[in-house]
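Residues per chain are reported as follows:
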Amino acid sequence: MCRLPDKMRPATLAFSVLLGWCASVAVQAGESAASRATPIGLYDYVVTAVRESDTARDLQDNLFLRQFDLELAQSRFETKLVPLTNILIGNDTGTQTVGFEARRDTETGTTLTAGIASDKFTSNNYDVTNPYQTRAYVRVSQGLFRRWGREYNRAPLTQAEIQQRKEGYLAEVKRQGLLLDAVQRYFEVLLHRKLLPQNEQPLKRRVRHLASARTRNSVGLVYKCAVYRAELAKLAAESLLKDQMRILRRAQEALHELVALERIDTLNPNAPIVRLIPVIPDNWQAQLLENRGEWHAYLMDLRSTDLSLYRAERDTQPDISLNLTVAQEGLGDSFDKSAKLDETEWTLQLQLRSTLSMDDEKAALARERVLHAKARREGRAVRRKILREAREAVEDLAAEERRNKISVEQLRQANAAVELAVVRYSRGLSSDLDVLDAEAQLAQAQLDIWRSLVAFNVAAIRMGKAFGMLDLDCLR
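Residues numbered from 1 in each chain as written. Predicted model: local features only at pLDDT ≥ 70, side-chain atom pairs only at ≥ 80, totals over all residues. Heavy atoms only, no water.

A.B. asks: How should I be thinking about the environment of Arg376 in this particular structure?
C.D. replies: Checked against the element boundaries, Arg376 lands in helix α10 (residues 359-426). Arg376 gets classed as partly exposed once you look at its relative accessible area, which sits at 37%. On a C-alpha basis, the gap between Arg376 and Arg193 in space is 49 Å, while along the polypeptide they are 183 residues apart. If we ignore the near neighbours within four places in the chain, the residues touching Arg376 are Tyr298 and Leu302. (Helix = DSSP H or I, 4+ residues; strand = E, 2+ residues; numbered from the N terminus. Buried < 20%, exposed > 50% of the residue type's maximum accessible area, 1.4 Å probe, protein only. Contact = heavy atoms within 4.5 Å.)

A.B. asks: So what exactly am I meant to see when it comes to the packing of aromatic side chains here?
C.D. replies: For any pair of aromatic rings, the description rests on two quantities: the centre-to-centre distance and the angle between the ring planes. The tally for this structure, following the rule as stated, stands at 4 aromatic pairs. Taking 5.8 Å as the distance between ring centres and 35° as the angle between the ring planes, the aromatic pair formed by Tyr45 and Tyr186 counts as tilted. Linking Tyr45 in helix α2 (residues 42-52) with Tyr186 in helix α5 (residues 155-218), this pair joins segments that are 141 residues apart in sequence. Each member of the pair Tyr45 and Tyr186 is classed as buried. One aromatic cluster in this structure is built from Tyr45, Tyr186 and Phe187. (Phe/Tyr/Trp six-rings, centres within 6.5 Å; stacked < 30°, edge-to-face > 60°.)

A.B. asks: Got a minute to help me understand the environment of Arg424 in this structure?
C.D. replies: Within the secondary structure layout, Arg424 lies in helix α10. Take Arg424: its relative accessible area is 35%, and that puts it in the partly exposed class. Once the C-alpha coordinates of Arg424 and Ala102 are considered, the two residues, 322 residues apart in sequence, prove to be 101 Å apart. What Arg424 contacts, discounting residues up to four positions off in sequence, is Leu429 and Ser430.

A.B. asks: When you look at the packing of α2 against helix α3 (residues 54-74) in this model, what are you seeing that I'm missing?
C.D. replies: The relative placement of two packed helices comes down to the angle between their axes together with the axis-to-axis distance. The geometry of α2 relative to α3 is characterised by a closest axis approach of 5 Å and an angle of 45° between their N-to-C directions. The angle between the axes of α2 and α3 places the two elements in the oblique class. Along the contact surface, α2 presents Ala49, Val50, Arg51 and Glu52, while α3 presents Asp54, Ala56 and Arg57. (Axes fitted to C-alpha atoms, helices over the stretch in contact; angles between N-to-C directions. Parallel < 35°, antiparallel > 145°, perpendicular 65-115°, else oblique.)

A.B. asks: Got a minute to help me understand the nonpolar core in this structure?
C.D. replies: Side chains of a nonpolar character, in soluble globular proteins, are inclined to be buried together. Tyr45, Val46, Val183, Tyr186 and Phe187 are the most contacted members of the largest nonpolar core, which has 38 residues in total. Contributions of two or more residues to this core are made by α2, α5, α6 (224-258) and α11 (432-466). Considering each element in turn, this core owes the most residues, 13 residues, to α5. When near neighbours in sequence (up to four residues on either side) are disregarded, Tyr45 contacts Ile40, Ala182, Arg185, Tyr186, Leu255, Leu258, Val259 and Leu267. The next biggest cluster of nonpolar side chains, apart from the first, holds 16 residues, and it includes Trp284, Leu302, Leu397 and Ala466. (Core = buried A, V, L, I, M, F, W, Y, C linked by side-chain atoms within 4.5 Å.)

A.B. asks: Help me understand a positive patch on the surface, please; the structure alone is not making it clear to me.
C.D. replies: A grouping of Lys374, Arg376, Arg377, Arg380, Arg384, Arg388 and Arg391 is seen on the molecular surface, where their side chains present a positively charged patch. Position of Arg380 among the secondary structure elements: in helix α10. (Patch = residues over 30% accessible without salt bridge, like charges linked within 9 Å, V, L, I, M, F, W, Y side chains within 5 Å. Areas by Shrake-Rupley, 256 points an atom, 1.4 Å probe, with all protein chains shown as cover. Salt bridge = Lys/Arg side-chain N within 4 Å of Asp/Glu carboxyl O. Lys, Arg positive; Asp, Glu negative; His and termini not counted. Charge placed at Lys NZ, Arg CZ, Asp CG, Glu CD.)

A.B. asks: When you look at the pattern of salt bridges in this model, what are you seeing that I'm missing?
C.D. replies: One side chain can pair with another of opposite charge once the charged atoms of both are near each other. Overall, the coordinates contain 27 salt bridges when judged by the stated rule. One salt bridge in this structure joins Arg246 and Asp243, with 3.0 Å as the shortest N-O distance. Residue Arg246 and its partner Asp243 are both found in helix α6; the two are separated by 3 residues, about one turn of the helix. A residue is classified by how much of its surface remains accessible, and Arg246, at 40% relative accessible area, is partly exposed. Taking relative accessible area as the criterion, Asp243 reaches 27% and is therefore assigned partly exposed. Glu389 is the salt-bridge partner of Arg292, the closest N and O atoms lying 2.8 Å from each other.

A.B. asks: I would appreciate a short explanation of the pairing of strand β5 (residues 132-145) in the present structure.
C.D. replies: Look at any regular strand and the pattern is simple: side chains alternate between the two faces of the sheet. Summarising the sheet, strand β4 (residues 110-123) and β5 pair through 11 bridges and their orientation is antiparallel. In the sheet register, Thr110 faces β5, and the bridge partner there is Gln142. Relative to strand β7 (residues 319-332), β5 is paired through 14 bridges, and the arrangement is antiparallel. By the bridge assignment, Arg135 is partnered in β7 with Glu329. (Pairing = 2+ DSSP bridges.)

Structural data, given as structure tokens:
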């Protein structure tokens, strides 16, 4: 026979009463706050998360930045006006230049330049016969060998287009992850709200059992130790209830945090926990890579590395530029006379712009070959990862379905076990421990029902993400 010290009994009883009262008040406060919050269904909450969450806004910002990079790359092939202003002051001479020119780079590598400029020369030591010079010119520059062709010269713009498309695919992947996260947080709140009453029922049963144990002890049917066990069981039930309330509050905080809300009583998820009916396409394996954004993002990376390798190979060729300039010039002692432009001049220039050793170009080519091989390996790894995730998602869904069927059978058997334990205890055929164990198993079976149902639904949504088919239409 066991017993607690006499001086500990009043404190234990007071703590038990206080804890039970706090749990009751907290439950009522939670129900009142939920009644004041805005009811919201699963689909509406997911739509709100897709539009209002920080993650959704980050995705929009990333797409905007990629669009900005693309427009910046496109501006390279637009006509640019360049002012020509120069003032040179020396001990003996001085020069002033005023003018502008228009430059345009084409995708084939040709650079077109047209401009007009006026110069004034001054000297302190001698007289300048015609101090004013005005010229209007047109220049055509074309790269040979290295910088010849549209693919090479357009590469920066092509890279920007590739990165924009890649960002779009990655945004879709992250958006599907956001959908899955929103569904999980929503179901978490629903689940813990269901679990909270389930934890209240064991507490009520243990309170009744404690009263029964005290009554039976007063008439000598059970030992005092049975009363102590009943008190400890009641305290354990109260502790579990407080833990469940804390978990529920954290789930509500996570639910509101996803949609950037500070108050956790703003939204009230009110959808029932029903079993989702997932549909597995017959040809999901054939369409898997086509539906996954990660695979398309890898294909964009592969195109980018192919283009970089092509440019690195072309960079090992000589960089020769052919420049043709045609100009009209005029000289005079005033600007008006020089502006007549009565002289014609043309030049043809062949210029070597690369070094003879090309050490930098060769090192860059070796680096791009390594990166290209690495990209190929990463592609094979991405393919294996996608296939593995899809296969595991199907297996997890089947496993959760089996667990759900098992939990239903366990609940049926747990109800029968409680009824049998109560009858045997009332007839004196078993101890109170059998009743406590049966009630604990029943409570656990009831909790497992809701947990298995939520786990099945989350597994179904995760399977949709693994197939690359998860979108808002799937949740309607």
